[in-house]
Amino acid sequence: MTSKSSVFDGLVIMLKYWSAFLMTVVVTSVIACSSDGEGPSLTASPAVVSTIAPDQTTPIAPTSAPMTPTPPPAGVPTIAPGQTTPIAPTPEPSCSRVPGSSDIAAAPPEVARNATLWPLPNKDYAGTRSSFDSRITSETVGDLEPAWEFDFPESTAWGAVASSPLVMDEIVYVQDLSSNIYAFDFCSGEMLWERAGEGPSLAPNGLAVGWGKVFAASSAADFVALDSSTGDLLWRAPIELTSTEGIDIQPVVYDGLVYLSTAPRSEEGLYQGNATGIIYALEQETGRIKWEFNTVDSEDIWGNREVNSGGGAWFPVSIDTDRGMTYWGIGNPAPFPGTEEFPNGSSRPGPNLYTDSMVALDHETGELEWYNQVRPHDLFDMDFHISPILVTTEIDGVARDVALGAGKTGTVHAFDADTGEEYWVTEVGIHLNDDTMEIPPGESVTVYPGLLGGVETHMAYADGMVYVPVINSPATFTSTSSKLGSGRAGSVVAIDVKDGSIRWETEFDSWVLGSATIVNDLVLTAAGQTVYWFDRANGDIVGSVEVSAWVNAPLVAAGDTIIIPAGFPLAPGQKPQLIVLRLPD
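Residues numbered from 1 in each chain as written. Predicted model: local features only at pLDDT ≥ 70, side-chain atom pairs only at ≥ 80, totals over all residues. Heavy atoms only, no water.

Draft legend 1. A look at the overall build of the chain. Counting secondary structure elements, the chain contains two helices and 41 strands. Residues counted as buried form 65% of the 585 residues belonging to the chain. By element, 51% of the accessible surface of the chain is carried by carbon and sulfur atoms, the whole surface being about 19300 Å². (Helix = DSSP H or I, 4+ residues; strand = E, 2+ residues; numbered from the N terminus. Buried < 20%, exposed > 50% of the residue type's maximum accessible area, 1.4 Å probe, protein only. Areas by Shrake-Rupley, 256 points an atom, 1.4 Å probe, with all protein chains shown as cover.)

Listed below in structure tokens is the structure:
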């Protein structure tokens, strides 16, 4: 196995990093909105909800009226760069019950002792996004009540928040797209501390927590460690970037190291040339670089450094803690489809390794173990960027350790975890002309999945099934240009990991941007401004809740609590919030 301004710059980044245009989600007989069409409205819990004043994070006494958005407070104070405002925590009774611990010796203590909450971007090192230490089921999900909410004070062109919150030691940690970092009391929502960002993120960012530290990109050009109790700065990493590169990823912590990647995105634009994605392992104590791996296998970026760019990881790494192996999904090459001088990607001849690949790297040394490139010489911006999911399953009668991967290719793949051998590949969503390798001069071609299509957000896994959020959106390409199409729909697809067969698919008249999250017998996702819970056995929709804005970040299930980062307001009255729902005691 062998093993990105332009006119479209803002549009591509808008969904490539979980944003979208305003549309109405239509799913017959499953959406129940509040009488005034505003605020969260639980389909199976009609009366009692809590409202929260704009300047507080603890809930007011429940009322019989649905929650309605409050206007943002006038003169919201800004936080000066580098300022930290700790607030003394108020003791509260535990609302997470007793967290379960992990026996993974190399995990940071915080991760190990909170394994049943949500201590990592995708819940666990295998990236399953599945939670079973909870009373939330298809029978009880209708009893969820608002616990608290937080209004994000800032927003960017791509929304307010696009990454997964973390939950550990009775604290919720979250970073917004302005790079501000917040720590909240998990039970009450009281802010424990906050730290101002040093510049906006230009793609999904996010946090890792371990060894008494919070690790994050403080802007797209810097990576820092903070004291997890106060938010005080501890160190800055010595990562060198070109003017066209940035740090846009949620990091992961393991075995004394912090794993992250750069990507071809900066304030100058997206895929501007002279930019590659480099994966780093930093020593957690000092921020010193232990190893790095360039995801472009070419010193001169395939022969034209000035024009070409590509690679990098946009989403978090998954780690096989038994093998000591890290698994990464890698982004696309550019320019795409080409330029007037270099049509059809002719400035970058060849397969453009290691773009549109999964790569397996030794966690201690960064040595390449294997790679599998699913789309050589990609013309259509088809990143293979989704965080891999690591599972054991029976294939052809033999137990196999498998790494599941997906991306904007609109395909899901099963690779052998040791060798990268492909066991199966399954197409999801609409496919049309996506295998085109050259577009004749003067001609155009419509392609599905297009610039904003395919598998854009995280998958989830449990009990032999992988649940895949899909976006159907076309684009029109010539050999030198691209244009977004008008089709915007999505679905969630359940795939049997033994053979790649599709077991069920539930469709929406909107893009599915909320990833997939599992809690017991439910799959959770979001399409537009509505969060849905499915019966994971058959895809039937059990219930839904309409929230304050579009959801363009992953949902989190921690104990008896669901955390919804509703981060993309697209209409008057919408506002970006962190919304927390919880089962009553």
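That covers the picture; the talk isn't over yet.
Draft legend 2. Structural detail: the side chain of glutamine 529. Mapped onto the elements, glutamine 529 comes out in the loop between β36 (522-527) and β37 (530-535). On the accessibility criterion, glutamine 529 (16% relative accessible area) is buried. A polar side-chain atom of glutamine 529 sits 2.8 Å from a polar atom in the side chain of glutamine 574. (Polar contact = N/O pair within 3.5 Å; in protein donor to acceptor, adjacent residues only side chain to side chain.)

Draft legend 3. Structural view of the sheet that holds β36. Read from one edge to the other, the open sheet built from five strands follows the order β1-β35-β36-β37-β38, with strand pairing classed as mixed. The two strands at the open ends of the sheet, each matched to only one other strand, are β1 (130-131) and β38 (541-546). The pairing of β36 with β37 spans six bridges and is classified as antiparallel. Its bridge partner lying in β37, alanine 526 is registered against valine 531. (Pairing = 2+ DSSP bridges.)

Draft legend 4. Spatial organisation of the packing of aromatic side chains. Applying the stated rule across the entire model yields 22 aromatic pairs. Look at phenylalanine 508 and tyrosine 532: their rings are 4.9 Å apart centre to centre, the planes differ by 45°, and that puts the pair in the tilted class. Of this pair, phenylalanine 508 sits in strand β34 (residues 502-508) while tyrosine 532 sits in strand β37, and the two are 24 residues apart along the sequence. Side by side, phenylalanine 508 and tyrosine 532 carry an identical accessibility label, which is buried. Here the aromatic rings of phenylalanine 508 and phenylalanine 534 are separated by 6.0 Å at their centres, their planes lie at 85°, and the arrangement is edge-to-face. Of the two residues, phenylalanine 508 is situated in strand β34 and phenylalanine 534 in strand β37; the sequence distance between them amounts to 26 residues. Each member of the pair, phenylalanine 508 together with phenylalanine 534, is buried. Pairwise contacts between aromatic rings join Trp148, Phe150, Phe152, Tyr182 and Phe184 into one cluster. Over the aromatic face of phenylalanine 186 sits the side chain of arginine 582, whose NZ or CZ is 4.9 Å from the ring centroid. (Phe/Tyr/Trp six-rings, centres within 6.5 Å; stacked < 30°, edge-to-face > 60°. Lys NZ or Arg CZ within 6 Å of the ring centre and 35° of its normal.)

Draft legend 5. The arrangement of the confidence of the model for the chain in detail. For the chain, the mean per-residue pLDDT works out to 86, and 83% of the residues sit at or above 70. Every residue in residues 1-93 scores below 50 in pLDDT, and together they form 249 contacts with partners more than four places removed in sequence or on other chains. (pLDDT = per-residue confidence, 0-100. Contact = heavy atoms within 4.5 Å.)

Draft legend 6. Region of the structure containing the environment of threonine 276. Note that threonine 276 resides in strand β16 (residues 275-283). Distance from threonine 276 to aspartate 297, taken between C-alpha atoms, is 9.7 Å for residues 21 residues apart in sequence. Threonine 276 has contacts with Glu245, Thr262, Ala263, Pro264, Asn294, Val296, Ile301 and Gly310, leaving out every residue within four places of it along the chain. A polar atom in the side chain of threonine 276 sits 3.4 Å from the side chain of asparagine 294.

Draft legend 7. Molecular detail of the side chain of glutamine 250. The topology assignment puts glutamine 250 in the loop between β11 (246-247) and β12 (252-254). Exposure remark for glutamine 250: the relative accessible area of 5% places this residue in the buried category. At a separation of 3.0 Å, a polar atom in the side chain of glutamine 250 contacts the main-chain carbonyl oxygen of leucine 207.

Draft legend 8. Representation of unusual backbone geometry in the model. Put simply, alanine 334 and proline 335 share a cis peptide bond, and its omega is 5°. Following the sequence through the fold, proline 335 ends up in the loop between β21 (333-334) and β22 (357-362). A cis amide bond links phenylalanine 336 with the next residue in sequence, proline 337, at an omega value of -10°. Within the fold, proline 337 resides in the loop between β21 and β22. With a phi angle near 55°, arginine 129 is a residue other than glycine that sits in the positive phi range. With relative accessibility at 0%, the residue arginine 129 sits in the buried group. Positive phi, close to 50°, is recorded for aspartate 356, a residue that is not glycine. Along the chain, aspartate 356 falls in the loop between β21 and β22.

Draft legend 9. Representation of the nonpolar core within the structure. In this structure, Leu404, Met459 and Val466 are the most contacted members of the largest nonpolar core, which totals 45 residues. Elements supplying a minimum of two residues to this core: β24 (389-395), β25 (398-406), β26 (411-416), β27 (422-427), β28 (445-447), β30 (465-472), β31 (475-477) and β33 (489-496). By residue number, the principal contributor to this core is β30, which donates four residues. Leaving out residues up to four positions away in the same chain, leucine 404 has contacts with Met358, Ser387, Pro388, Ile389, Val391, His413, Ala414, Trp424, Met459, Tyr461, Val466 and Val497. (Core = buried A, V, L, I, M, F, W, Y, C linked by side-chain atoms within 4.5 Å.)

Draft legend 10. A look at the pattern of salt bridges. The final tally for this structure, using the stated rule, is 15 salt bridges. Across the pair aspartate 381 and lysine 408 runs a salt bridge, and its minimum N-O distance is 2.8 Å. Taken together, the residues aspartate 381 in the loop between β23 (368-373) and β24 and lysine 408 in the loop between β25 and β26 connect sequence positions 27 residues apart. The exposure class of aspartate 381 is buried, given its relative accessible area of 0%. Through salt bridges that share partners, Asp320, Arg323, Asp401 and Asp418 make up one connected network. (Salt bridge = Lys/Arg side-chain N within 4 Å of Asp/Glu carboxyl O.)

Draft legend 11. Quick peek at the pairing of β33. Counting buried positions over the eight residues of β33 gives seven, a clear majority of the element. In this sheet, β33 lies alongside β30 in antiparallel orientation, the contact comprising eight bridges. Its bridge partner lying in β33, valine 470 is registered against serine 491. With six bridges joining them, β33 and β34 adopt antiparallel strand pairing. The partner of valine 493 across the bridge, within β34, is glutamate 505.

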